[in-house]
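The residues making up each chain are set out below.
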Amino acid sequence: MKSAYLKVWLLVACFLTSMGAWSQATTISGRVTSEDEGKPMAGVSITIKGKTVGTQTGIEGQYSIQANVGDVLVVSYTGFASQEIVIGTAITYDIVLKHESSKLGEVVVVGYGTQTRRSVTTAIAKLDKEVLATQPRANIGSALQGTVSGLQVVNASGQPGATPLILLRGGASINTPGAPLVVVDGVIRAFNDLASEDIASIELLKDAAATAIYGARANNGVILITTKQGKSGVANIS
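Residues numbered from 1 in each chain as written. Predicted model: local features only at pLDDT ≥ 70, side-chain atom pairs only at ≥ 80, totals over all residues. Heavy atoms only, no water.

A.B. asks: Can you help me understand the overall build of the protein in this one?
C.D. replies: Counting its secondary structure elements, the protein contains four helices and 16 strands. Long-range pairs, those at least 24 residues apart, make up 52% of the contacts in the protein with a sequence separation of at least 6. About 15100 Å² of surface is accessible on the protein, with carbon and sulfur atoms providing 55% of the total. (Helix = DSSP H or I, 4+ residues; strand = E, 2+ residues; numbered from the N terminus. Contact = heavy atoms within 4.5 Å. Areas by Shrake-Rupley, 256 points an atom, 1.4 Å probe, with all protein chains shown as cover.)

A.B. asks: Even after reading the chapter, I still don't get unusual backbone geometry, so can you show me in this structure?
C.D. replies: It is generally the case that most residues other than glycine have a negative phi and that most peptide bonds are trans. Of note, the phi angle at D185 is positive, near 55°, even though the residue is not glycine. Looking at the element boundaries, D185 is found in the loop between β13 (181-184) and β14 (187-188). Residue D185 is classed as partly exposed on the basis of its relative accessible area of 38%. (Buried < 20%, exposed > 50% of the residue type's maximum accessible area, 1.4 Å probe, protein only.)

A.B. asks: Explain the environment of S64 here, please?
C.D. replies: If you trace the backbone, S64 turns up in strand β4 (residues 62-67). Taking C-alpha positions, S64 is 6.8 Å from G30, a pair spaced 34 residues apart along the chain. Setting aside its immediate chain neighbours within four residues, S64 contacts T27, I28, S29 and T55.

A.B. asks: Which parts of the structure should I look at to understand the environment of K98?
C.D. replies: When you line up the elements, K98 lands in the loop between β7 (95-97) and β8 (107-110). Residue classification places K98 among the partly exposed residues on the basis of a relative accessible area of 47%. With 21 residues separating them along the chain, K98 and Y77 place their C-alpha atoms 9.9 Å apart. If we skip the residues at most four places from it in the chain, K98 touches E35, G79, F80 and A81.

A.B. asks: Please clarify how the pairing of strand β16 (residues 222-227) should be interpreted in this entry.
C.D. replies: For a regular strand, the rule is simple: side chains alternate between the two faces of the sheet. The buried fraction of β16 amounts to five of the six residues, a majority that puts the element mostly inside the structure. Both β13 and β16 contribute to a ladder of four bridges, which runs parallel. In the strand pairing of β16, L181 is matched with V222. Bridging between strand β15 (residues 199-205) and β16 involves six bridges; their strand directions are antiparallel. By the bridge assignment, S201 is partnered in β16 with T226. (Pairing = 2+ DSSP bridges.)

A.B. asks: Hey, could you run me through the sheet that holds strand β2 (residues 45-48) in this one?
C.D. replies: Remark on secondary structure: sheet strands pair via backbone hydrogen bonds, oriented parallel or antiparallel. Ordered by their spatial adjacency, four strands build an open sheet running β3-β2-β5-β6, and the pairing between neighbours is antiparallel. The sheet is open, and its two edges are formed by β3 (54-56) and β6 (80-86), each paired on a single side. Taking the axes of each pair of neighbouring strands and ignoring which way they run, one obtains an average angle of 15° across the sheet. Sheet topology places β2 next to strand β5 (residues 72-77); four bridges connect them, and they run antiparallel. (Axes fitted to C-alpha atoms, helices over the stretch in contact; angles between N-to-C directions.)

A.B. asks: Would you explain the side chain of S34 in this entry?
C.D. replies: In this fold, S34 is placed in strand β1 (residues 26-34). If we ignore the near neighbours within four places in the chain, the residues touching S34 are K39, M41, F80, V96 and L97.

A.B. asks: I would appreciate a short explanation of the pattern of salt bridges in the present structure.
C.D. replies: Opposite charge on two side chains makes pairing possible when the charged atoms of those side chains draw close. Applying the stated rule across the entire model yields two salt bridges. Among the salt bridges present, the one from K49 reaches E84, with a minimum N-O distance of 3.4 Å. Separated by 35 residues along the polypeptide, K49 in the loop between β2 and β3 and E84 in strand β6 bring together distant segments of the chain. A salt bridge links K51 to D71; the shortest N-O distance between them is 3.3 Å. Taken together, the residues span a long stretch of sequence, with K51 in the loop between β2 and β3 and D71 in the loop between β4 and β5 at a distance of 20 residues. (Salt bridge = Lys/Arg side-chain N within 4 Å of Asp/Glu carboxyl O.)

A.B. asks: It is not clear to me how the sheet that holds β16 should be interpreted in this structure. Could you clarify?
C.D. replies: Read from one edge to the other, the open sheet built from five strands follows the order β10-β15-β16-β13-β14, with strand pairing classed as mixed. The open sheet is flanked by β10 (124-127) and β14, the only strands paired with a single partner.

A.B. asks: Would you take a moment to explain the environment of G88 for this structure?
C.D. replies: Checked against the element boundaries, G88 lands in the loop between β6 and β7. Put simply, G88 and N68 are 20 residues apart on the chain and 8.3 Å apart in space, counted from C-alpha to C-alpha. Setting aside anything within four residues of it in sequence, one finds G88 in contact with V69 and Y93.

A.B. asks: It is not clear to me how the nonpolar core should be interpreted in this structure. Could you clarify?
C.D. replies: Generally speaking, soluble globular proteins have nonpolar side chains that are buried together. Core analysis: the largest hydrophobic core is formed by 18 residues, its most contacted members being I140, L144, L151, I202, L204, I223 and I225. Mapped by element, the contributors of at least two residues to this core are β10, α3 (140-144), β13, β15 and β16. Residue contributions to this core peak at three residues, all from β15. Excluding its chain neighbours within four sequence positions, the residues that come into contact with I223 are L144, I166, P180, L181, V182, V183, I202, E203 and L204. Among the nonpolar cores identified, the runner-up in size contains 17 residues, and M41, I85, I87 and I95 belong to it. (Core = buried A, V, L, I, M, F, W, Y, C linked by side-chain atoms within 4.5 Å.)

Keep in mind these numbers describe shape, not what the thing actually does.
Have a look at this one:
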């Protein structure tokens, strides 16, 4: 009987010892690089899922953190897809992060290039492309008339095809109101010779923040016009 009790106590002691060794934290280290350039990434956040333990990578992309077998490392960085890595018996884990541009925000046309929607503070209005496609227009000014809030289209002449006066800002000013700045495909020019069938989109910068991009010429607002461009694929003739 004594030998049977002794064996049971030995099994319990071995089990408790193995549990202590299993739960002992181990120092996990490695290096984080980007998939595109293969360069080390500094400032990458590395945390253990469900715990308050965390760290960041250094200048050379290196990191070190205490973790147990079975813990999950969560690796995240702005503009890159997050990764979750289950810790096993290894003590070194090199991580490669992939770009995830879809989470950077919607792209908005401003100035001579583009910015993300979250970084744009100016008031932007966009003319629905269906307005240009529904019926023929004498000019772009007539297409803008009554379709965009805060915009006035004044027909100064009764001559057919005459370009109307467009007031985007300053229409109620006591001074002589000026026309908005027109930018067609990144080039400052007039719009009276553009056919509505050739236009892909029209955006309007309506408030004073447009002056930060174009300067004093944008005091009366900005009209951005993008014309249709060639695309790869099967040609269609209409």
